[in-house]
Amino acid sequence: MSAPELFLDGRVALWRGDVREMLAAMEPDSVDCVVTSPPYWGLRDYGVAGQIGLEPTLGEHLDVMVEVFRLVRRVLKPSGTCWVNYGDCYATSPNGRSAADVKAAGKDDRTFRDKPFSTIGAIRARSNVGEGQHHDRHGGVLKPKDLCMVPNRLAIALQDDGWWVRSEIVWAKPNPMPESIRDRPATAHEKVFLLTKSERYWYDAMAVRQGASPASLQRWAQDIENQEGSYRANGGRKTNGTMKAVGGRRAKQAETAAAAAAVGASSGRRMAGFNERWDGAEKKRASDVADPRHAGHINHTGIEGVERGSRNLRNYEPAPLTVWPVATKPFGEAHFATFPPELAERCILAGCPRGSLVLDPFGGAGTTAMVALRHGRRAALIELNQDYAGMARRRIERDWMGPEQRALAKAPVAVNAGPLFELPGAAE
């Protein structure tokens, strides 16, 4: 079996071949993060023998995907994260117009219109149980116009196979492909699932923190210490003072926190009676008898250490904000399903330490690797289609060219013009 191609000073490894064979050849526990978008079931025929996505039934496709991601789990480190983008589809028959025709006419690679075969029928292959009778081994039939629910079925299948399903993320498309349907809402999103190999894993929440809303910033800026407050809390039965607005850290609280820290106390919020008893028994802290991972901490969430003005990235952002609002990106070459760089970026920043290895087992146009390199990570790609593999390498290398090199790469070059990026006739 051939070794991967290494380029850009060894920062990128490109494996050409069947994803299952290539994953089996990789070192176990060697990958820090996986960011990928597998071929969707029944969507496109890429014209390559052994391609995934053309299985006759959805059940068979899920079986193949479970097999692939079992091999992914083998090469992923116990601390690793796996981000899987998968779009849904409707059960239908081919409509007679291929994605290639649509792309050639309008240069729009967002279409999910062409179907290489009908996706209507049993979810699993049928087996004969008697003359004139059939029985679905696992049940379920996709009727015409049924939403196939493939992303969720895949996540459940992977969960059953041992993966932790940690998050279901909504990728909202501000520029979705227009649909001519009249009996349902148009589709404007896909799913991204965060999977992990272990219960505990590497995740950098600070790298993907989002700005707080103007309303929150305004509330935190209030002068809470000098507010009169209200007695209406608790149905007017509040007895320990007025209820003041929820805002930022109060000046008095900050002072008592510093005073507590000076005497080795564990709590910065002083409460008469309780704190004295607690400080006197400091050697018998609650964390000493809690789970070992909490030892030495009272605030297990760490929320008090987070500066006001930002918040965690969410898998959904309610109006008037948006869900992960990442526009699809047109790509001028032959590949249809290009992964938006901004989407890959969030996954990589949150799920992979700097200098570590990001793998895309369905490399396609190389977007995952391109983004990984931009953010100081290394990259590995697996791609079955030789044309796409070459396209991905050219695209990644072009992303690291200077302006002069990029101009030369785009210019027509005569036959036998010398090494890459040299002017025609400059070779000796």
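Described in the following lines is the structure provided in the data block.

Cut-offs applied
Residues numbered from 1 in each chain as written. Predicted model: local features only at pLDDT ≥ 70, side-chain atom pairs only at ≥ 80, totals over all residues. Heavy atoms only, no water. Helix = DSSP H or I, 4+ residues; strand = E, 2+ residues; numbered from the N terminus. Buried < 20%, exposed > 50% of the residue type's maximum accessible area, 1.4 Å probe, protein only. Areas by Shrake-Rupley, 256 points an atom, 1.4 Å probe, with all protein chains shown as cover. Axes fitted to C-alpha atoms, helices over the stretch in contact; angles between N-to-C directions. Parallel < 35°, antiparallel > 145°, perpendicular 65-115°, else oblique. Left-handed = near helix turned anticlockwise from the far one by under 90°. Contact = heavy atoms within 4.5 Å. Salt bridge = Lys/Arg side-chain N within 4 Å of Asp/Glu carboxyl O. Core = buried A, V, L, I, M, F, W, Y, C linked by side-chain atoms within 4.5 Å. 1 Å grid on protein atoms, 1.4 Å probe; cavity = no way out; pocket = protein on both sides within 12 Å on 5 of 7 lines; lining within 4 Å. Points joined across faces, edges and corners; volume = space filled by probe spheres on them. Pairing = 2+ DSSP bridges. Expected span 1.5 Å × (residues − 1). Phe/Tyr/Trp six-rings, centres within 6.5 Å; stacked < 30°, edge-to-face > 60°. Lys NZ or Arg CZ within 6 Å of the ring centre and 35° of its normal. Arc of directions from axis to C-beta. Nonpolar A, V, L, I, M, F, W, Y, C, P; charged D, E, K, R; others polar.

## Comments concerning the overall build of the protein
Tallying secondary structure elements over the protein gives eleven helices and 15 strands in all. Looking at the protein as a whole, 39% of its 428 residues qualify as buried. Taken as a whole, the protein presents about 23,600 Å² of accessible surface, with 53% of it coming from carbon and sulfur.

## So, the packing of helix α8 (residues 341-351) against helix α9 (residues 367-374)
Axis angle and axis distance: for two packed helices, these are the angle between their axes and the distance between the axes, and together they describe the pair. Packing of α8 against α9 leaves a shortest axis separation of 9 Å and a crossing angle of 55 degrees. As judged from the angle between their axes, α8 and α9 are oblique. The two elements α8 and α9 cross, and the hand of that crossing is right-handed. Of the residues in α9, those touching α8 at Pro341, Ala344, Glu345 and Ile348 are Thr367, Thr368, Met370, Val371 and Ala372.

## Quick word on the pattern of salt bridges
Side chains that carry opposite charge are capable of pairing whenever their charged atoms lie near each other. A full pass over the atoms with the stated rule returns 15 salt bridges. Among the ionic pairs, glutamate 67 bridges to arginine 20, the shortest N-O distance being 3.9 Å. Of the two residues, glutamate 67 is situated in helix α2 (residues 58-75) and arginine 20 in helix α1 (residues 19-25); the sequence distance between them amounts to 47 residues. A relative accessible area of 22% places arginine 20 in the partly exposed class. Two residues, lysine 143 and aspartate 146, come together in a salt bridge whose shortest N-O distance is 2.8 Å. Through salt bridges that share partners, Glu5, Arg16, Arg393 and Glu397 make up one connected network.

## Brief notes about the nonpolar core
Core analysis: the largest hydrophobic core is formed by 45 residues, its most contacted members being Leu23, Val68, Phe69, Cys82 and Leu359. By residue number, the principal contributor to this core is α2, which donates ten residues. Those residues in contact with phenylalanine 69 that sit more than four places away from it in its chain are Thr36, Pro38, Cys82, Val84, Leu158 and Trp163.

## Focus on empty space enclosed by the protein
Applying the stated criterion across every chain, the model contains two cavities of 30 Å³ or more. Its boundaries defined by the atoms lining it, the second largest cavity holds a volume of some 40 Å³. Lining the second largest cavity are Val84, Tyr86, Pro151, Leu154, Ala155, Leu158, Phe193 and Leu195. Those elements that provide at least two residues to the lining of the second largest cavity are β4 (76-86), α4 (150-160) and β10 (189-196). With four residues, α4 is the largest single contributor of residues to the lining of the second largest cavity.

## Some words on the pairing of strand β15 (residues 378-383)
In terms of burial, β15 is a largely internal element, five of the six residues being buried. Taken together, the five bridges between strand β2 (residues 12-16) and β15 define a ladder with parallel strand orientation. Bridged to alanine 13 within β15 is alanine 380. When strand β14 (residues 357-360) meets β15, the two strands line up parallel, connected through four bridges.

## A short note on α2
Helix length check: α2 (18 residues) gives 26 Å between terminal C-alpha atoms against 26 Å at 1.5 Å per residue, within 8%. Burial of α2 is extensive: 13 of the 18 residues sit out of reach of the surface.

## What to know about the packing of aromatic side chains
In this structure the tally under the stated criterion is two aromatic pairs. Taking the centre distance of 6.0 Å and the plane angle of 65 degrees together, the rings of tryptophan 41 and phenylalanine 117 count as edge-to-face. Taken as a pair, tryptophan 41 in the loop between β3 (31-36) and α2 and phenylalanine 117 in the loop between α3 (99-106) and β5 (121-122) lie far apart in primary sequence, 76 residues in all. Take tryptophan 41: its relative accessible area is 3%, and that puts it in the buried class. The ring of tryptophan 400 carries arginine 11 above its face, with NZ or CZ at 4.4 Å from the centroid.

## A few points about α4
Residues of α4 that are buried include every one of Val150, Pro151, Leu154, Ala155, Ala157 and Leu158, and no others. Along the long axis of α4, the arc covered by the buried residues comes to 165 degrees, so they all point the same way. Just downstream of α4 lies glycine 162, where phi reads positive at about 120 degrees.

## So, the packing of α2 against α4
As a packed pair, α2 and α4 sit with axes 10 Å apart at the nearest point and diverge in direction by 50 degrees. Considered as vectors, α2 and α4 are oriented oblique to each other. Read as a crossing pair, α2 and α4 show a hand that is right-handed. Listed contacts from α4 to Leu58, Leu62, Met65, Val66 and Phe69 of α2 are Val150, Arg153, Leu154, Ala157 and Leu158. Here the contact of α2 with α4 is composed, by residue class, of nine nonpolar, no polar and one charged.

## Description of the environment of valine 141
Within the secondary structure, valine 141 sits in strand β8 (residues 141-142). Taking the relative accessible area as the measure of exposure, valine 141 reaches 37% and is therefore partly exposed. Distance in space between the C-alpha atoms of valine 141 and alanine 122 is 4.2 Å, their sequence separation being 19 residues.

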